[in-house]
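Residues per chain are reported as follows:
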Amino acid sequence: MKLRKVIVLLLPAALVVAGCKITTPYRRAAGLAGNGLYRDTTITDTTTIGAIPWRQFFTDTVLQHLIEEGLNNNLDLGIAVTRIHEAEANFRQSFLAFFPSLNANAQASLQKNPGLASTHNYEAFLNSSWQVDIWGKLRSTRRAQLAALLQSDAFRRDVQTQLVSSIAIDYYALMAFDQQLQITLATVENRKEDVITTQDLKNADVLTGAAVMQSQAGLYSVEVTIPDIRQNIRQMENTICLLLGRNPGPIARDSLYNEPVDTTLRMGLPVQLLANRPDVQEAEWQLRYYSELTNVARTYFYPALTITGEGGLSSGNLNHFFDASAFFGNLVGGLTQPIFQNGINRQRLEVVRNQEHEFLLSFEKTLLTAGQEVSNALFSYQTATEKVATRTQQIYYLTKAVDYTKELMRADAKANYTDVLTSEQNLLTAQLQSVEDRLQQLQAVVNLYADLGGGWR
């Protein structure tokens, strides 16, 4: 009967105040990810390479095995997974907060009074407390913890995206160093032949001793670059090993020119970045987290409805502890209205409002940065493609120039070996730069894939 009376008294009040809307739902700001987010592009096709799973995007089986190893063993990715578990624990607790708390108690007391006999009292009881979520504090807290959980998952996917792209980019760089080493070693062999040729021509009084010295110096000028290239190879292998979560060591790889260059680089609409890029999603979930905390802060200005109950057994004689007369219980309901809290409630609201605005700006900046990165990666690919075509012509004519100057040197006693040396050096430089052009193409494709949100599927 007492419980019924409490409910009858408090329920109408709860229904009245529940009709007042204190919290506000999150709404994404309008105008984000407009068509101008990608520079100098007009796109209507929603197809994007960012939606392609990484196993389909990277067809090199050696690279696929390296990426798989990285996903299984990378330490940063492991840290990201532990953050998800932390957020899951917080979300589970926010759901359980809707239920009443329950505690079990047992105690015995002894009271002595002068001139009177000692009295004993034994108690065993349960007490419970339940805060009615009138203003949506618990609901907003639960939504905030859900946003934190989804943010941690977006962070994990962002780490995976960066990991996949980093392994691919470093893998291509490693093969580029291999190609540069191959070109340099071949050039060394050609320079050794030049030294023999110039020595023969000197013996035939066609060239002077200065030409022999120049050819020898030209050989050493190429040989001296080999240790640096080998150092670059070793350091790049160690860098990839760190990404794979393994000790430093060799890395299996293919050849740079066996890697296909994707020419169907479909970017989709800028608005798709909101669904594809994990860092953009992470920034928005962080904004939603603080939006819900703002709702929570508002509820502290309003009264809290709490229902507490207690029931159990109490007796001064253990022999009668389980008698019906030993039973006791009570139920209390009350509203607590904050009046003066030393400015804590206002301070809490002001702080979280500014945090919400801070992460709104951060979200917008993340989206703009994403658009910038996509634009830069696309233009980098385009410029590399232009250079590859031009460089091919340059190498063709430089090769001819080397052949002509060597023929001229053999035929003309007055020919200057410096011309041969200059043409050979120009050819070597162009060959090494052609490797850089190819590498820029491949890495630009990977960057564009990652910038469009590819790699976590």
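Please refer to the structure higher up on the page.
The structure reproduced in this document is the subject of the present report. On a predicted model such as this, the values are computed, not experimentally measured, just so you know. All residue numbers refer to positions counted from 1 along the written sequence of the respective chain. Predicted model: local features are reported for residues with pLDDT of at least 70 only, side-chain atom pairs are reported and counted for 80 or more only, and whole-chain, interface and lining totals are derived from all residues. Excluded from the side-chain calculations are hydrogens and water; all other atoms, namely the structure's heavy atoms, are used.

### Some details on the sheet that holds strand β1 (residues 101-111)
The test is simple: DSSP calls a pair of strands paired once it identifies at least 2 bridges connecting them. Strands here are runs of E lasting at least two residues and helices are runs of H or I lasting at least four, both read from the DSSP assignment and numbered beginning at the N terminus. Interaxial angles span 0 to 180 degrees and are taken between N-to-C directions of axes, which are lines fitted to C-alpha atoms, for helices over the stretch in contact.
Sheet architecture is open: 4 strands sit in the order β1-β2-β3-β4, paired in antiparallel fashion. Here the strands that pair on one side only, and so sit at the sheet edges, are β1 and β4 (327-336). Averaged over all adjacent pairs, the angle separating strand axes in this sheet is 20°, with direction ignored.

### A closer look at the packing of aromatic side chains
Counted only if it meets this: Under the pairing criterion, centres of Phe, Tyr and Trp rings, with the six-membered ring standing for Trp, must be within 6.5 Å; the plane angle then separates stacked pairs below 30 degrees from edge-to-face pairs above 60, leaving the rest tilted. Partly exposed describes any residue whose relative accessible area lies between the buried limit of under 20% and the exposed limit of over 50%, with all areas from a 1.4 Å probe on protein chains only and scaled to the type maximum.
Taken as a whole and judged by the stated rule, the model has 10 aromatic pairs. Look at F57 and F58: their rings are 5.1 Å apart centre to centre, the planes differ by 90°, and that puts the pair in the edge-to-face class. Pair check on accessibility: F57 and F58 agree, each one buried. Look at Y289 and Y290: their rings are 5.1 Å apart centre to centre, the planes differ by 90°, and that puts the pair in the edge-to-face class. Y290 sits in the buried class, given a relative accessible area of 16%.

### Some words on the packing of helix α4 (residues 75-96) against helix α5 (residues 137-203)
Note the threshold: Here is the rule for angles: anything less than 35 degrees is roughly parallel, anything more than 145 is roughly antiparallel, 65 through 115 is roughly perpendicular, and the remaining ranges are oblique. Each residue receives one of three labels: charged for Asp, Glu, Lys and Arg, nonpolar for Ala, Val, Leu, Ile, Met, Phe, Trp, Tyr, Cys and Pro, and polar for the others, Gly being one of them.
The interhelical angle for the contact between α4 and α5, taken along N-to-C directions, is 170°, at an axis separation of 8 Å. Classed by the angle they form, the pair α4 and α5 counts as roughly antiparallel. When grouped by side-chain class, the residues that make up the contact of α4 with α5 number 13 nonpolar, 6 polar and 6 charged.

### Some remarks on the pattern of salt bridges
Where we set the bar: When a carboxyl oxygen of Asp or Glu lies within 4 Å of a side-chain nitrogen of Lys or Arg, that pair is called a salt bridge.
In total, this model carries 16 salt bridges according to the counting rule given. R157 is the salt-bridge partner of D153, the closest N and O atoms lying 3.1 Å from each other. In this pair, D153 and R157 are both assigned in helix α5, 4 residues apart and thus about one turn of the helix distant. For D153, a relative accessible area of 25% corresponds to the partly exposed category. Its relative accessible area of 9% is what places R157 among the buried residues. In this structure, the salt-bridge partner of E424 is K406, at a minimum N-O distance of 3.1 Å. Of this pair, E424 sits in helix α11 (residues 417-451) while K406 sits in helix α10 (residues 344-411), placing them 18 residues apart in sequence. Given a relative accessible area of 8%, E424 falls into the buried group. Exposure remark for K406: the relative accessible area of 17% places this residue in the buried category.

### A look at the nonpolar core
Put simply, the test is: As used in this record, nonpolar core signifies buried Ala, Val, Leu, Ile, Met, Phe, Trp, Tyr and Cys residues forming a set joined through side-chain atoms within 4.5 Å. Throughout, a contact is declared for two residues whenever any of their heavy atoms are within 4.5 Å.
One finds F58, L63, I67, I167, Y172 and L448 to be the most contacted residues of the largest nonpolar core, which totals 63 residues. Beyond its immediate chain neighbours, meaning those up to four positions away, Y172 contacts F58, L63, L256, E259, L439, L442 and V446. Membership of the second largest hydrophobic core comes to 7 residues, among which are L201, V206, M409 and Y417.

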